[in-house]
Amino acid sequence: MAQFLAGSGKNISGSDRFFVPGQYNETKEKLEAEGIKCFLQDGSGINDATDLVVASTAVEETNVEIQKAKNLAIPVILRSELLTLISNTKRTIAVGGTSGKSTTTAILFDILDHAGYGPGIISGAGLIRLQKQGKIGNASVGNGDWLVIEADESDGSIVNYYPEVGLLLNIDKDHKEIDELINIFQSFKEHTKSLFVVNASNPLTAPFSQNKKQDFSSAGEEAGYKESAFNQKDFQINFIINGVEFSMNAMGRHNMENALAATAVANQLGVDLKICAEAIKKYEGIYRRNQVLGQKNGTWVIDDYAHNPAKVAAAIRSVQPLAKKIIAWFQPHGYGPTRFLRQDFVKEISQALRPQDEIWMSEIFYAGGTTEKNISAADLINDLKTLGSNAFFIENRNDLVPSILSHRTDSTAVLLMGARDPSLDEFARKFFENL
């Protein structure tokens, strides 16, 4: 949002707890390249000339920036409130659901851009084609009326938006219990002003249908947009939507569903299905979503942001066509979320693994704050072993390469998974270098 507002002509500055004196920070460098002043999180960036302070829900009330803003009587709002203000100035398409939001937002942006709509985007993940321009890649102002946003249910902020178009991809247990999620998404539907599109193949989203002709289906349910003939060959998936052939440089049925959802919306906004197919064929992906790092010594390495049970299982399944054996590594995020999702992780992962596949985990990533550290990734591994899975705990992830070398076969792919730890991309690159 800082990038979006800077691109709209606003004077923007900011801070982050990962900005450390004398330490290179790629995000800081790219923000500064967009004309955004970056400060240490010590209050130095806030003064009498500051009109508004925006904070994420991860920033505590005791934070020095928040305290200084309050002492100077500067209004403080949440990032979700700012996104609401921005979205109210545009014809907004809000993409919701517990999985696939970032990818679907990116695909829909690409389709509308290819079709000449000049859309803007505010998302949670960088588009590789925008990153190639030296940008972070998760925001673009655009010169048209439309704005595509990723609407987050994890903090409940999705209920604050009043989009022209709402897209509901799926509902799975993630940050909240199912009943709470259903209530949140019901408000999302009620707040959508015009078109509401849902996944008819997901039993929890299907009841939200506004009109089945507006919905999409990948499993034969009644819907206006149906997929058929899915197949995956290495790093490409092919499928048909309403008689039109699509191909995409991606892996897994979940990415087909993301493309299907984006196509369903774009077509109802006036984009021909063949134009949608052209855009999707050129889609370059988003950062750390099924990102192929390469092949070394006969082993493919794929880096993925998967972090909830459904996403981890989908990522594992998407890589299985590549090799006879998958070695999957996962770093859970947060002690609270891991406790909450323990049984779901174990169930989904055990069902996704083939008999020859393996799951490895390192210790839970701790992002700070107050929490009880009364669970370990080793507990999940022991649960998986009880169910008969090939499961291994390796506390320090830097020991992963030497530990798995003897586990490789002549047809192996390694899948690295985890989220919200900013060092994971560097870890993945070093893993590949050392393999």
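Residues numbered from 1 in each chain as written. Predicted model: local features only at pLDDT ≥ 70, side-chain atom pairs only at ≥ 80, totals over all residues. Heavy atoms only, no water.

Some remarks on unusual backbone geometry
Line of reasoning, step 1. Located in the positive-phi region is Asn 242, a residue other than glycine, with phi close to 50 degrees.
Line of reasoning, step 2. The topology assignment puts Asn 242 in the loop between strand E13 (236–241) and strand E14 (244–248).
Line of reasoning, step 3. Judged by relative accessible area, which is 37%, Asn 242 ranks as partly exposed.
Line of reasoning, step 4. Its identity as a non-glycine residue notwithstanding, Arg 288 has a phi of 60 degrees, on the positive side.
Line of reasoning, step 5. Looking at the element boundaries, Arg 288 is found in the loop between helix H9 (273–281) and strand E15 (291–296).
Line of reasoning, step 6. Of the residues examined, Arg 288 reaches a relative accessible area of 5% and is grouped as buried. (Helix = DSSP H or I, 4+ residues; strand = E, 2+ residues; numbered from the N terminus. Buried < 20%, exposed > 50% of the residue type's maximum accessible area, 1.4 Å probe, protein only.)

A few points about helix H3 (residues 64–71)
For an α-helix, 3.6 residues make a turn, and residues three or four places apart therefore share a direction.
Line of reasoning, step 1. Within H3, the full set of buried residues consists of Glu 65, Ile 66 and Ala 69. Looking straight down H3, one finds its buried side chains confined to an arc of 100 degrees; they lie on one side.
Line of reasoning, step 2. In this structure, the buried residues of H3 make contact with strand E1 (13–15), strand E3 (53–55) and strand E4 (76–78).
Line of reasoning, step 3. Looking one or two residues beyond H3, the residue adopting positive phi is Ala 73, at roughly 60 degrees. (Arc of directions from axis to C-beta. Contact = heavy atoms within 4.5 Å.)

Remarks on the packing of aromatic side chains
Line of reasoning, step 1. In the structure shown here, the tally under the stated rule is 8 aromatic pairs.
Line of reasoning, step 2. Measuring from centroid to centroid gives 4.7 Å for Phe 235 and Trp 300, while their planes differ by 75 degrees, and the two rings are edge-to-face. Note that Phe 235 is positioned in the loop between strand E12 (225–233) and E13 and Trp 300 in strand E16 (residues 299–304), a separation of 65 residues in sequence.
Line of reasoning, step 3. On the basis of relative accessible area, Phe 235 is assigned to the partly exposed category, the value being 25%.
Line of reasoning, step 4. With a relative accessible area of 23%, Trp 300 lands in the partly exposed category.
Line of reasoning, step 5. Between Phe 239 and Phe 246, the aromatic rings sit 5.6 Å apart at their centres with planes inclined by 10 degrees, giving stacked as the arrangement. This pair shows no difference in class: Phe 239 is buried, exactly as Phe 246 is. (Phe/Tyr/Trp six-rings, centres within 6.5 Å; stacked < 30°, edge-to-face > 60°.)

Some remarks on the pattern of salt bridges
Line of reasoning, step 1. Within this structure, the stated rule accounts for 16 salt bridges.
Line of reasoning, step 2. For Glu 60, the salt bridge is made with Arg 17, and the minimal N-O distance between the two is 3.6 Å. With Glu 60 in the loop between E3 and H3 and Arg 17 in the loop between E1 and helix H2 (26–33), the pair connects residues that are 43 residues apart, well separated along the chain.
Line of reasoning, step 3. Between Arg 129 and Asp 113 there is a salt bridge, and its shortest N-O distance comes to 3.0 Å. In this pair, Arg 129 is assigned in helix H6 (residues 128–131) and Asp 113 in helix H5 (residues 101–114), connecting sequence segments 16 residues apart.
Line of reasoning, step 4. In this structure, a network of salt bridges that share partners links the residues Asp 110, Asp 113 and Arg 129. (Salt bridge = Lys/Arg side-chain N within 4 Å of Asp/Glu carboxyl O.)

Re the pairing of E14
Line of reasoning, step 1. The buried fraction of E14 is high, at 4 of 5 residues.
Line of reasoning, step 2. The pairing of E13 with E14 spans 5 bridges and is classified as antiparallel. Across the sheet, the residue bridging to Ile 241 is Val 244, located in E14.
Line of reasoning, step 3. Where E13 folds back onto E14 in an antiparallel hairpin, the turn is made up of 2 residues, including Asn 242, whose phi is positive at roughly 50 degrees. (Pairing = 2+ DSSP bridges.)

Side note on the sheet that holds strand E6 (residues 120–122)
Line of reasoning, step 1. Here 6 strands make up an open sheet; going across it, the order is E7-E6-E8-E5-E9-E10 and the pairing mixed. Looking at the sheet topology across the chains shown, the edges are occupied by strand E7 (139–140) and strand E10 (195–198).
Line of reasoning, step 2. Relative to E10, strand E9 (residues 165–168) runs parallel, the two being bridged by 4 bridges. Considered in E10, the bridge of Gly 166 is made with Phe 196.
Line of reasoning, step 3. Relative to strand E8 (residues 146–150), helix H4 (residues 79–87) is tilted by about 160 degrees, and along the sheet it contacts strand E5 (91–96), E6 and E8.
Line of reasoning, step 4. The sheet contacts of H5 involve E5, E6, E7, E8 and E9, and relative to E8 the element is tilted by about 165 degrees. (Axes fitted to C-alpha atoms, helices over the stretch in contact; angles between N-to-C directions.)

Description of the sheet that holds E15
Line of reasoning, step 1. Taking strand neighbours across the sheet as the criterion, the 6 strands line up as E15-E16-E20-E17-E18-E19 in an open arrangement whose pairing is mixed. With one partner strand each, in any of the chains shown, E15 and strand E19 (390–393) form the two edges of the open sheet. Averaged over all adjacent pairs, the angle separating strand axes in this sheet is 20 degrees, with direction ignored.
Line of reasoning, step 2. Bridge count between strand E17 (residues 325–331) and strand E18 (residues 358–361): 4 bridges; the pairing is parallel. In the sheet register, Ala 328 faces E18, and the bridge partner there is Ile 359.
Line of reasoning, step 3. Along the sheet, helix H14 (residues 424–434) makes contact with E15, E16, E17 and strand E20 (412–418), crossing E15 at roughly 15 degrees.

Here we look at helix H8 (residues 253–268)
Line of reasoning, step 1. Here H8 contains 16 residues, and its C-alpha end-to-end distance of 23 Å stays within 8% of the 22 Å for a straight helix at 1.5 Å per residue.
Line of reasoning, step 2. Along H8, the residues classified as buried are Asn 255, Met 256, Asn 258, Ala 259, Leu 260, Ala 261, Ala 262, Thr 263, Ala 264, Val 265 and Ala 266.
Line of reasoning, step 3. Gly 270, located one to two residues past H8, shows a positive phi value of around 110 degrees. (Expected span 1.5 Å × (residues − 1).)

Here we look at the side chain of His 307
Line of reasoning, step 1. Structurally, His 307 is set in the loop between E16 and helix H10 (309–319).
Line of reasoning, step 2. The exposure class assigned to His 307 is buried, which follows from its relative accessible area of 9%.
Line of reasoning, step 3. Among the polar contacts listed, one links the side chain of His 307 to the backbone oxygen of Tyr 305, at a separation of 3.1 Å.
Line of reasoning, step 4. A polar atom in the side chain of His 307 sits 3.5 Å from the side chain of Lys 311. (Polar contact = N/O pair within 3.5 Å; in protein donor to acceptor, adjacent residues only side chain to side chain.)

Points about the pairing of E12
Line of reasoning, step 1. Pairing between strand E11 (residues 216–217) and E12: 2 bridges, direction parallel. Note on E12: the bridge partner recorded for Ser 217 is Lys 226.
Line of reasoning, step 2. Relative to E13, E12 runs antiparallel, the two being bridged by 5 bridges. The partner of Asn 231 across the bridge, within E13, is Asn 238.
Line of reasoning, step 3. Once E12 ends, the chain turns through 2 residues before running back antiparallel as E13, passing Asp 234 with a positive phi of about 55 degrees.

Remember, this is a structural readout, not a statement about activity or role.
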